[in-house]
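The chain contents come next:
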Amino acid sequence: MLDQARARSVVDRIWMQEALPTLVDYIRIPNKSPAFDADWAAHGYMDRAVALFAEWAKARIGRLEGATLEIVRLPGRTPVILIEAPGSGDDTVLLYGHLDKQPEMVGWSEGHGPWTPVLDGDRLYGRGGADDGYAMFGALAALLAMVEQGVPYRRCVLLIEADEESGSADLPFYVEHLAQRIGTPSLVVCLDSGCGNYDQLWLTTSLRGLTNGTLTVRVMEEGVHSGNGSGVVPSSFRILRHLLSRLEDERTGEILPATLQAEVPPDRLAEARRAAEALGKDVHAHFPTSHGVRAVSEDPAELVLNRTWRPALTVVGMDGFPAVANAGNVLLPFTAAKLSLRLPPTVDGGKAAEVVEKLLLAEPPYGATVIFELESSVGGWNAPALAPWLRDAVERGSQAGFGRPAALMGEGGSIPFMTMLGERFPKAQFVITGVLGPQSNAHGPNEFLHLPTARNLSLALASILADHFNRPA
């Protein structure tokens, strides 16, 4: 049985005295994911981050009897860190995180920046601390808290990848390459998800899929004076807007094709309603909305369902436009928009891509040149039902770490690794959780790691792993 007071003392010491200084150094490294740094290998930032993590972990896994660490490299692919702790018994727990980062993004507060670590009270600001640099430290803190008490644990494999923000394209090759060393886990722990608040343990029960691509509309080879061409040559922006209206109702945000919708399972519907009751107005109040902007719905349950089980379109980038300060009266030759379409967890990513492409390319208005370049399309994930022992363990873990009951909710983002593992290990149980809570702003400006939540989550994980060892056969 885990002594919670002793475990908290160990976890707090590891985090504040050992892990935090290394995370500060990590934030300084601009190791952007390959999708945002095509020359990542030549720049060497990813190798620096991997070496930093490996050095920290090697200095501590000696406390885990028989544990080993290896940096595994397949030709032409980002590396992974593989840590194996033999534990007791022939069962396996697979723990997952990643260390690659999103790009800089604009809008950081004065004195803050993506590669500038700033410790402000309980918050460590900087790119990658919460998404997902903390994961390796949290997992090892949980294991070390158990070991220092002599609490037995089953075999654990910790896998840290460097390609998640690019869609984990490299990871399937590593999972196959390391199949014998990974084994067949009965429990998978992913630490790359979110939390509805910082007051309790949140389990992610579903993830949306994602279709990414760039839609380009071209009407001319070069721009012309708008006084000469407007009303004669169609606006490329107007055509693009028209094409997007085939996909989305611009008044409500509803995605129109029925094939991109999915029925919400009754258990997920009930979870969403309970989560909405726990969060209330905080479902939307924590977003930095401009003055007077209202949420899409006044019903918190509808908002939870919108961000977890319903498709949604976001235009995340545009080309073809000069900056406002430099914009003359010119009819532009082309307009390009980067589209991010979130998919319900049970919608097939490949079929979704076919639907979107067919819809956008059919019968181009005015005979304009319309191109849709698909970047990726991945399905979502709907977790298997929690086994009774795990449901109880999660509840005990939340009480141990946070002093409050656990909460369950879907997440609106995508973790391609989970879809792959769900298919590869259909009998496994899953604990998907994370520290990305209100205002933590992963991918955006002012990303921060809420340090009390990182510590509490480590303690909750230690409790769950201890229960896993003693679970019913």
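So, here's what we can say about the structure. None of these values were measured; they are calculated from a predicted model.

1. Let's talk about the environment of V219
Logical step 1: Residue placement: V219 occurs in the loop between β9 (209–218) and β10 (224–225).
Logical step 2: By relative accessible area, V219 is classed as partly exposed at 23%.
Logical step 3: When the C-alpha atoms of V219 and A276 are compared, they prove to be 47 Å apart, with 57 residues separating the residues in sequence.
Logical step 4: When sequence neighbours within four positions are dropped, the list of residues in contact with V219 reads V233, P234, S236, I239, L332, P333 and A368.

2. With respect to the pattern of salt bridges
Logical step 1: The full count for this structure, using the stated rule, is 24 salt bridges.
Logical step 2: Across the pair R404 and D199 runs a salt bridge whose closest N-O atoms are separated by 3.6 Å. A residue pair is termed long-range when its members are at least 10 positions apart, and R404 in the loop between α13 (388–402) and β16 (407–411) and D199 in the loop between β7 (187–190) and β8 (202–207) qualify at 205 residues.
Logical step 3: For D199, a relative accessible area of 39% gives the class partly exposed.
Logical step 4: One salt bridge in this structure joins R251 and D249, with 3.0 Å as the shortest N-O distance.
Logical step 5: Take D249: its relative accessible area is 13%, and that puts it in the buried class.
Logical step 6: Overlapping salt bridges bring together R13, E18, R60, R63 and E148 as one network.

Thresholds, definitions, all that
- Residues numbered from 1 in each chain as written.
- Predicted model: local features only at pLDDT ≥ 70, side-chain atom pairs only at ≥ 80, totals over all residues.
- Heavy atoms only, no water.
- Helix = DSSP H or I, 4+ residues; strand = E, 2+ residues; numbered from the N terminus.
- Buried < 20%, exposed > 50% of the residue type's maximum accessible area, 1.4 Å probe, protein only.
- Contact = heavy atoms within 4.5 Å.
- Salt bridge = Lys/Arg side-chain N within 4 Å of Asp/Glu carboxyl O.

The values are spatial; any link to function lies outside them.
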